[in-house]
Structure formats: C-alpha cells, structure tokens
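Next come the chains, spelled out residue by residue.
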Amino acid sequence: MLDLFRASLLVIFLVSVEARTRRSIDLIAAHSLISDTRLPREVTPNFYDLELEPRPNEGTFEGRVRINVTWQEPTDKITLHAHEDLDVFKIIVTQFAPDDETEKASSTPLPPTEMRVMRIERVPKKPLYIIHLEKTANRGTQCIVDLTFRGNISNDTSEGIFRSSYVDPETKTRKWFVATHLRPNLARKVFPCFDEPAYKVPFVITVARHKTMAALSNMPLKNTEQMKEKGDWVWDHFEQTPPMSTFSVGIVVSEFSNTDFNTTDEDNNWNYEIRVWARPDFITALTNVTDKVRKAVKILEEFWGCPYPLPKLDILALPNYQATRPADNWGLLLFKESELSGRGSWHISQELAYQWLGALATPFWWSDAHINNALVRYVTAYATLKMETTESFNNWPMTMLYSIYYEFSKRYPHGKSTAIKQDSTSAKTELVFRMLNYTLGERTFKHGLQKFMADRQYKTFFGDDIWNALTEQAKFDNKLNGTTVNAIAASWITKDRLPVINVTRNYGQNSAKITQRVYLRERPHDVPDKEKFLWWIPLILVREDKLDFSNTKPVVWMRKEREIILENLPEEKQFIIVNPEEIGPFPVNYDVRNWNMLAQFLCGENRVKIPVNTRAKLLHDAWNLAYAGDLSFATALNMTLFLKNEREYLAWDPVFTLIDHIGRHIDSSAVHKKFQTYVRLLLTPLYEELGEEPQEGESEGKAHLRSSSKVFLCQAGYKPCIEEAQTAFRKWMESENPDEGNPVSNQYICPVFKWGTNEEWEFGLQRVIKFPANRKQNERTYLLKTLAGCPNEAEKIERLLNITILEQNGNFTDNDIYLIFSMLTGSANGYTTLFNFLKKNWDTIKERFEGKLHLWNSLITSATTVFKTQEGLDMVSELYVERQTEFGTADFVIEKALKNIKEETKWSNDNLPVIEKWLDEYLANNSK
C-alpha cells in the first residue's frame, strides 16, 4: 500500500493519464462483451423509425419503434435485444415484400400482410426478446416489426436513458432534463433493437417534449408537430441519420440555453453547425468551447482526409452527470460541466475523434474495441498537440510510457485485473501507432489511415483493415520491404511484454553490437519462455557529431533478430543515442563509457540540444535499468547530476519516481538518511526558485514541478515545509469545536504526523475516534490513513494497534483495521512495528481474529512480506520456525514472503554499498 506521500505523488503524476483512460471507450465493458451471446443472423435490420416520449418530471418513458428487417435465412422467429426492465406491450409484424422465390414468380407487388405472432420468449439472464411467428418466412422476406414499449428513466446512473436536475437560480424551481448514453450496449434498455455494433442502418428519430423544453438528437430538426392528445406537448421530427450503430443513438430533452457557431468550409462547399448547451447560469463559462471544437474538427478533418460527417454538432455540459466518461453519441456529445469548462482540450478532442472512428467507421465486434480505442487516443493526442501551444499537454506520451514500462516488466503483468490488462494493452497499441507514424513517416501514416477511412466510412471494420491499409500505403511509398505493418504490429500487441535493447560499442572499430531481450524489472527474472520473445524493432540513431532529432527513419529494423551489428558509428569520444524521443516503447541500455559521455554532455551548456523528451528518457532508462540489476546505480545516479540546472518538468518526472522507488527500498537501512539529504540538496534550489505560491498565468508544467518537489521535500524532512504544516495544523488544534470540520489542507496532515509531536498525532487520533456520523466519511478515512501510514516513531503506530486490536475500541471497524494494515506496508518503520506487535501479541491476536480470516491473512501479509534486508529475512524466518503450525490459512503467505524477501535481500546486498558510496561522494562535494 502506498503511503500518503506516494499517494500524493500518484495524484500529481497520473491525473492526466486517469483523465484520458477513464474518458475513452469503456474497455472493460467492451472486453466483457467479446464472449456475449451473438444474435442469430437469420433476420437483420435495414432501418429504424423510433419515437420516444420521455417524461422528465415523472421519471418514465414510452416509445414505439418500427424496424424494417430482411430474412437472411428461413426461420419462424425474430430475435432482438430488449432489457428485462423494458416492458414491450404491443407487437405487430407486417410483411410488405415477398421472399426471393415468390418475387420471381409474381409479376405484381403483393399487399402488406400481417404475420401472426404466436408467442414471446424472454431468455432467462439474457437480454434477448424472441418473437415466435406462426409460419416460417423464407430468405428475402421483408417486414416491419412494430413494437410499443415503456420503462423507467434512471435516477441513479447516467446510463441508458437517465434524468437529472438543477435549481434555476432565478425562479428557485427544480428543472429536470433527460438524456441518453447507450455505449457500449445500453440501447436495449431504451428500445428493442439489434444491439450489436455491426448492424449499422439509418434511423428516423421523433421525440416528444413539453413546449417549454427543447429536444436534441443526432440530426437537425426537420419539423415540429402538435401532439393531438396533449395541448402543451409537441413531437419533434429529426432528419434521417446516416447508417449508424444503436449505441450512437442520442437524445436530450431540457431547458438548457445554447450558443451558436456556424462554420463554412468554402473550399469544400460544406457546412455544419456547432451549438453548445448548458443550464442558463453556466453557459457563460463555455464561451471558448466553440473555438476549441472548430479547431479540433478542422485538424481531424485534415487528419482523416474527409469532412465532419454530419450537418450539425451539439455539445452539452450536464449538471450532476455521473458517468465515468462523456457520451459520444453521433452529433450529440455529453460532458460533465467541469470537463467542458476546463482549460485543456483533451476531452473535447477525444470525443470528436470518435465521431469518425467509432461512429463513421465502427468496429465489427468488441474484440477490436482496443484497437479502435488505441487509435482514437493517438489521434486525440495528435489533435491536442496541434491545438495547444503551451505546456499544458506536452507530458504525452512520457507519463503513459512509464506506466506501461512498469506494468509489462513485472513477473506477472496485470495480475488478475482485466481492467489493467485492457487499458495497458490499449496504451501499448497507441504507442505502436505513434511508432509507425515516426518510422513510416507522417505522410505515409496519414495517407494509409485516410485510405482506411475512405474505404470503411458508414461501414464496419476489423483490426486488420487498419494494418492492411497502412501496409498498402507503406509499400506504395517504398517505406517497407519484405514485411507488413500487420507483422510489425503483431510482434508488439500479441505479447504481454516489452523488449529492452542493449547497445555495446566496439570503440576501436566504430561499431556496436545490438541485442534484444525481454525487459524484466521485477525480481526474480525467471519468466517462462523469455528467450522466445522477439520483436520487430526500429533502430533510430542520433550521434553526437550529428545531433539531428528530426530524422526518424530507422537505420535498420531488427527483424525479430536476437542480435545485429551496427557499423559506421562516430569516433570513440562521441556518444550515440538509440531510440531518441522514445519513438518505440522500449528502454535502451548502453555500455558504461557511452552512459558516462551522455552524463557529461548533459551537465554542459549544450544540454538543451538534446530535446527534453530524450533527456527524460535517458534518465528514466538509466535508473530503471539499475533497479532491474542491468546497470550500476553509480552510473544511473550520475545521470541525475545535470538536474542542477534543469527546469523542464518533463525531465524531472522520472526523478520523482526514482526518489519514491529507491527511497522505499532503502528506508530500512542506514543509507536512507543519506538519501534524504541527497533529496533535499537536489530539490531545495528548484523549489526555492519556483516559489511557494503559484504565479498568475504560469504553465501546468511549472505548477506540477512545484507540487511534486514540495511533496518530496516534505517527505525528506525539509524544515520550512514541516513548519508550514504545523502552523496550519495548530489552527485546527486551537479551534473551539475541532470535530465540526477539518480546516487543514490534506497536504499538511502527513508531514505533521510524520515529523511532528506526539501531541499533534494524538489530536488526530481523537478526531478519528470522535468523528461525527453526519460528516463525510472519506475525511475520516484519509485521516486514519495518515495516522497509520505517516509516522516515523514506532510508539505512535503501537498506540494505534493497541487501541484497535488489543483494546478493541468500538469506534474502529474491521475495514478500519484492514486499512491500517495496508498503510503500514508503506514504510520500514510501519511494517517492522507491525511485525513486532504480531510477534509480541500472537496468542491474543489469534484469538481476536478467530473467524476473521480476511483480517488474519491481511495481517500476516502486511507484517511479513515487505522486508528487504537480511535482518528482515532472519526475523521472518525465526517467526516461521517458531509458529510454523499456527499460520493456518496464511501459511501460503509466509512461504511466499520468505522467497520474495530473499530476492529483495540479494538486491540490497548488491546495490546498497554502491548507492552509499555514490551518496558519500555526492554529499562530500555538495555539502553547504
């Protein structure tokens, strides 16, 4: 479990990544649908005529859908999707065209005839709605399936058809609105349909509304008709849509205000209308949205080589929108208010990208959703970088690269998490697209995708259609010989691994041996079949005598070869850089001499001739390779020396992760205090130069750098930070009613509990014990996390364990105890104190946890598995021998712990002396 400092860091580092990944196609939902029951292909849709009558105030809806269908095979049934909560209460099936044989035999059209419905079948636990007919219809028969239905509008989620409300500030009345979010397979909750992405057909949509409200759908309004039975209601009829999947259907009924923006592309003689909608008192916060949309659409049109495919685009900021991602209905995008009013452009660009890839061209089935998602994410980054000239988005793709490096270098990538597997695979595929853009050339890459889009627009596609289009274009442009993009991409996408490249130079012959192998960072490196993994790897080279980072053409491709030789390298006193700008998703190791030349160059004035992404890559590669045991830590730490003069936040990002990971690993050793001094010396000049307070108009990068440096300075015992935190905390302690609320910013709490007094920590403990039930419980949870995870003194932790376990204080639940155990794994002081507490009170704890196996297993895990030194190994081994027959269900935990601690001990024995020697020299040369 991360301690609170690392939790703070994680928020700082991953906020942009989280925003991107959670706002894309829901890959987990899509993955679960891969094995979903497919509809039979006996009857397929040609057209939908959909009427919906949502009643926002009542929370119900009714509707009618007439589906034009054709028999592809003889059958006496029609199988549709319909959710079990959807009440379909009227069904008429009318044949209006004969089957193929009858049509050949008849010279005159046959009149429409009703086909008798014998019964309706609902399949248990499946959203299938089967209409059984009296007679079998033959191939070619065409019918209208007319279904009338009703249901409830969701109040609890923003999925399917849902409603929410806001209070009008002028009239003080509650205003309801209704909207739909049907991705990936929620159309069946709203109307009976063929709810699979492959069924792309036109829709005509009609929506009922009160006269005081406005209705929106995928297409422009065609006309409005008075509702006969309700004098103050009308029917809005919308233009027919192009062929689209059911998940693209969208409607909104509201009293929102809007801003108009008409754009005309005179060169292409093409028009579309942009409207932005929001509650009336929020619309002024969205004045810049139309400009962002216009810019993004123009960039995407240029990228895809085809215009925005619909005549209008409505964008809405929904109050109280609860979905984890925007709703990318075709021509009707729904966002949270905060997403649409923010400074950045990522969210807007991404949902607009889906208007082409997802709506215009659609994956045939969910098995290709990750490719669709990956390409959209790449195109989104492309568009956003084109739009924004500030630092606000320039952390792409580095932060994402770091996260997948960590994931794919584990012994067991993803663990059992489908969520992590799907997103990391999609992220890797996104980086493969980026690599192909550089190695094939942007012109070839874009033309290949434009060819794909021209071929598959208004249709569906498979993943291979994308790779085939890129292959054809690359061969036409003479960019590939003897292989295909399919083969290159497959070598990356089909493996839950990444390679590392080793470059060993022969300085006498101006050559280098290049080898590839599996990148393994987590110990032990005993991965099955690791020798069988080979990739197509582009070798792009920059040399000190020709620092040209614009040439991204590979010198050579490693064609799934274990080893090759590079000739004609620069003379021995000049460095080389392989894979500059992280063009391919793989780290690179060099011989020590080349590393030292790079470190020396970075410390000089010409450092900026190496772009910041490459500076960051060199630093990130060096320390991660050292962590994995492939490079000396002395060499890796030398790569941090240039940071004395570095102020680009991207170059610093790897350092904060280095401090976190190395600090965690050595915090049980005597080296840790020296490392904290190194951190203070490294970060103090940076933090003091940045200043404590944000400056007006400063970049996101500068704010990120200030926040991160402050977090780690506080962790390392920087006195001004601690004093600032204690001053803020003292105000809480002196307040008359401290349990009414917490006036202290979260950033101050952990430093106080870590470096402050027992009195301050005890005050925090009492606030947890006396926490009022009417306050937000997440505030109590955060306070408990910091009480357990932050203290340096064992006495504080022992007091918390005594109260919760031995004294069984009734203010603490089993979940609280589980949380405390988890937080104590974040520091050596935490897990060592927990281990000693367990050993001292073994019999009592066993009795307390009788029948609470989850707590017992959690305790053994937290108390024994995180040690990293020989001393820790001896402690755990002694306990195992002493209590060998008493671990019960946690027996497997202790056995695994001993194996892992042996590996960690070996790491410590190999690396701690090297780190300490380097720190001694650094501190001697830099002490004030």
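Data block above holds the structure.
Residues numbered from 1 in each chain as written. Predicted model: local features only at pLDDT ≥ 70, side-chain atom pairs only at ≥ 80, totals over all residues. Heavy atoms only, no water.

Novice: Residue-level account of the overall build of the chain, with values.
Specialist: The number of helices and strands found in the chain is 29 helices and 30 strands. With the principal axes as the frame, the chain shows a C-alpha extent of 100 × 75 × 60 Å. In the chain, which comprises 928 residues, the share counted as buried stands at 58%. Contacts spanning at least 24 positions in sequence make up 72% of the contacts within the chain whose residues lie at least 6 apart. A distance of 2 Å separates the average location of the 113 positive side-chain charges in the chain from that of its 124 negative side-chain charges. (Helix = DSSP H or I, 4+ residues; strand = E, 2+ residues; numbered from the N terminus. Buried < 20%, exposed > 50% of the residue type's maximum accessible area, 1.4 Å probe, protein only. Contact = heavy atoms within 4.5 Å. Lys, Arg positive; Asp, Glu negative; His and termini not counted. Charge placed at Lys NZ, Arg CZ, Asp CG, Glu CD.)

Novice: Mind laying out the nonpolar core, listing which residues take part and the relevant values?
Specialist: By size, the foremost hydrophobic cluster in this structure holds 214 residues, and its most contacted members are I78, F191, F194, W304 and F433. The contact partners of I78, leaving out residues within four places of it in the chain, are V43, W71, V93, Y129, I130, I131, L133, V145 and F194. Grouped together as the second largest cluster of nonpolar side chains are 61 residues, L765, L819, F821 and L873 included. (Core = buried A, V, L, I, M, F, W, Y, C linked by side-chain atoms within 4.5 Å.)

Novice: Summarise the environment of P197; cite the residues concerned and give the values.
Specialist: Mapping P197 onto the fold places it in the loop between β10 (174-181) and β11 (203-210). The class for P197 is buried, based on a relative accessible area of 2%. Residues contacting P197, with those up to four places away along its chain left out, are S245, F247, T362, P363, F364, W365, W366 and T460.

Novice: Provide a residue-level description of the sheet that holds strand β7 (residues 128-137), including the pertinent values.
Specialist: Reading across from one edge, β3-β7-β6 is the order of the three strands in this open sheet, with antiparallel pairing throughout. Each edge of the open sheet carries a strand with a single partner, namely β3 (75-81) and β6 (117-122). Looking at each pair of strands side by side, their axes are set apart by 20 degrees on average, direction ignored. Where β3 lies against β7, six bridges are found, and the strand directions are antiparallel. Among the inter-strand pairings, T79 is bridged to a residue of β7, identified as I130. (Pairing = 2+ DSSP bridges. Axes fitted to C-alpha atoms, helices over the stretch in contact; angles between N-to-C directions.)

Novice: I'd like a rundown of the sheet that holds β10, residues and numbers included.
Specialist: Across the sheet, four strands lie side by side as β9-β10-β15-β12; this open sheet has antiparallel pairing. The strands lining the two open edges of the sheet, one partner per strand, are β9 (160-167) and β12 (214-217). Going across the sheet, the axis of each strand differs from the next one's by a mean of 15 degrees, ignoring polarity. Here β10 runs beside strand β15 (residues 251-254); their pairing, made up of two bridges, is antiparallel. Following the sheet pairing, V178 is matched in β15 by V253.

Novice: Just give me the short version of the state of the cysteines, but keep the residues and values in it.
Specialist: Across all of its chains, the model carries two disulfides by this definition. At a sulfur-sulfur separation of 1.5 Å, the disulfide partner of C714 is C721. Across the S-S bond of C714 and C721 the torsion is about 80 degrees, and the bridge reads as right-handed. On the basis of relative accessible area, C721 is assigned to the buried category, the value being 5%. Cysteine pairing in the chain follows 1-2, 3-4, where each cysteine in a disulfide is numbered by its order in the sequence. No disulfide involves C143; its sulfur sits 18 Å from the nearest other cysteine sulfur, which is in C193. On the basis of relative accessible area, C143 is assigned to the buried category, the value being 0%. A relative accessible area of 0% places C193 in the buried class. (Disulfide = S-S within 2.5 Å.)

Novice: I'd like to hear about the packing of helix α18 (residues 700-715) against helix α20 (residues 746-755), residue by residue, with values.
Specialist: Following both chains from N to C, one finds α18 and α20 inclined at 15 degrees, their axes separated by 10 Å at the closest point. Considered as vectors, α18 and α20 are oriented roughly parallel to each other. Handedness of the α18/α20 crossing: left-handed. Residues K710, C714 and Q715 of α18 pack against Q747, Y748, P751, K754 and W755 of α20. (Parallel < 35°, antiparallel > 145°, perpendicular 65-115°, else oblique. Left-handed = near helix turned anticlockwise from the far one by under 90°.)

Novice: Go over unusual backbone geometry, please, and point to the residues and values.
Specialist: That bond from R183 to P184 is cis: its omega, 0 degrees, falls within 30 degrees of zero. Residue placement: P184 occurs in the loop between β10 and β11. Here R523 and P524 are connected by a cis peptide whose omega angle stands at -10 degrees. Its location among the elements puts P524 in the loop between β24 (511-518) and β25 (536-539). Unusually for a residue other than glycine, K560 sits at a positive phi of about 55 degrees. On the secondary structure map, K560 appears in the loop between β27 (556-559) and β28 (563-566). In this structure K560 comes out as partly exposed when scored by relative accessible area, which is 41%. If you check the backbone angles, E582 has positive phi at about 50 degrees while not being a glycine. By the element assignment, E582 lies in the loop between β29 (576-578) and β30 (588-590). When its relative accessible area of 1% is taken as the criterion, E582 is described as buried.

Novice: Can you explain helix α6 (residues 346-356)? Please cite residues and give values.
Specialist: The buried count for α6 comes to eleven of eleven residues, which makes it a mostly enclosed element. Among all positions of α6, only W346, H347, I348, S349, Q350, E351, L352, A353, Y354, Q355 and W356 are buried. One or two residues past the end of α6 sits G358, with phi positive at roughly 135 degrees.

Novice: So what's going on with the pairing of β7? Which residues, and what values?
Specialist: Within β7, seven of the ten residues are buried, which leaves the element mostly enclosed by the surrounding structure. Direction of pairing for β6 relative to β7: antiparallel, over a ladder of five bridges. For R119, the partnering residue across the bridge sits in β7 and is H132. Linking β6 back to β7 in an antiparallel pair, the connection comprises five residues, with K125 at a positive phi of about 65 degrees.

Novice: Mind laying out the pattern of salt bridges, listing which residues take part and the relevant values?
Specialist: Across all of its chains, the model carries 55 salt bridges by this definition. Here K617 makes a salt bridge to E582, at a shortest N to O gap of 2.7 Å. Here K617, found in helix α14 (residues 612-627), pairs with E582, found in the loop between β29 and β30; they are 35 residues apart in sequence, far enough to count as distant. Side by side, K617 and E582 carry an identical accessibility label, which is buried. With its nearest N and O atoms 3.2 Å apart, the salt bridge here joins K710 to E724. Residue K710 is located in helix α18, and its partner E724 is located in helix α19 (residues 719-733); the two are separated by 14 residues in the primary sequence. On the accessibility criterion, K710 (14% relative accessible area) is buried. (Salt bridge = Lys/Arg side-chain N within 4 Å of Asp/Glu carboxyl O.)

Novice: I'd like to hear about the packing of aromatic side chains, residue by residue, with values.
Specialist: For any pair of aromatic rings, the description consists of the separation of the ring centres together with the inter-plane angle of the planes. Under the defined criterion, the tally for this structure stands at 47 aromatic pairs. Ring geometry for F433 versus W467: centroids 4.9 Å apart, planes at 20 degrees, classification stacked. Of this pair, F433 sits in helix α9 (residues 418-440) while W467 is found in helix α11 (residues 463-476), placing the two residues 34 residues apart along the sequence. Residue F433 is classed as buried on the basis of its relative accessible area of 0%. With a relative accessible area of 4%, W467 lands in the buried category. Ring geometry for F533 and W535: centres 6.1 Å apart, planes at 20 degrees, overall stacked. Members of the aromatic cluster, joined through ring pairs, are Y378, F433, F445 and W467. For K230, the ring lying beneath its charged end belongs to W233, and the centroid distance is 4.6 Å. Here K495 stacks its cationic end above the ring of W535, 5.4 Å away from the centre of that ring. (Phe/Tyr/Trp six-rings, centres within 6.5 Å; stacked < 30°, edge-to-face > 60°. Lys NZ or Arg CZ within 6 Å of the ring centre and 35° of its normal.)

Novice: Describe in detail the packing of α14 against helix α16 (residues 649-666), supporting the description with residues and values.
Specialist: Running from amino to carboxyl end, α14 crosses α16 at an angle of 15 degrees, the nearest separation of the two axes being 7 Å. Our classification of the angle between α14 and α16 gives roughly parallel. Judged by the twist between their axes, the crossing of α14 over α16 is left-handed. In contact with V612, N613, A616, L619, H620, W623 and Y627 of α14, α16 contributes L650, A651, P654, V655, T657, L658, H661, I662 and H665.

Novice: For α18, give the residues involved together with the corresponding values.
Specialist: When the terminal C-alpha atoms of α18 are compared, their 23 Å separation across 16 residues agrees well with the 22 Å that a helix rising 1.5 Å per residue should span. Across the 16 residues of α18, twelve count as buried, placing the element largely inside the fold. Of the positions making up α18, those classed as buried are G701, H704, L705, R706, S708, S709, K710, V711, F712, L713, C714 and Q715. Following α18 by one or two positions, G717 has its phi on the positive side, about 90 degrees. (Expected span 1.5 Å × (residues − 1).)

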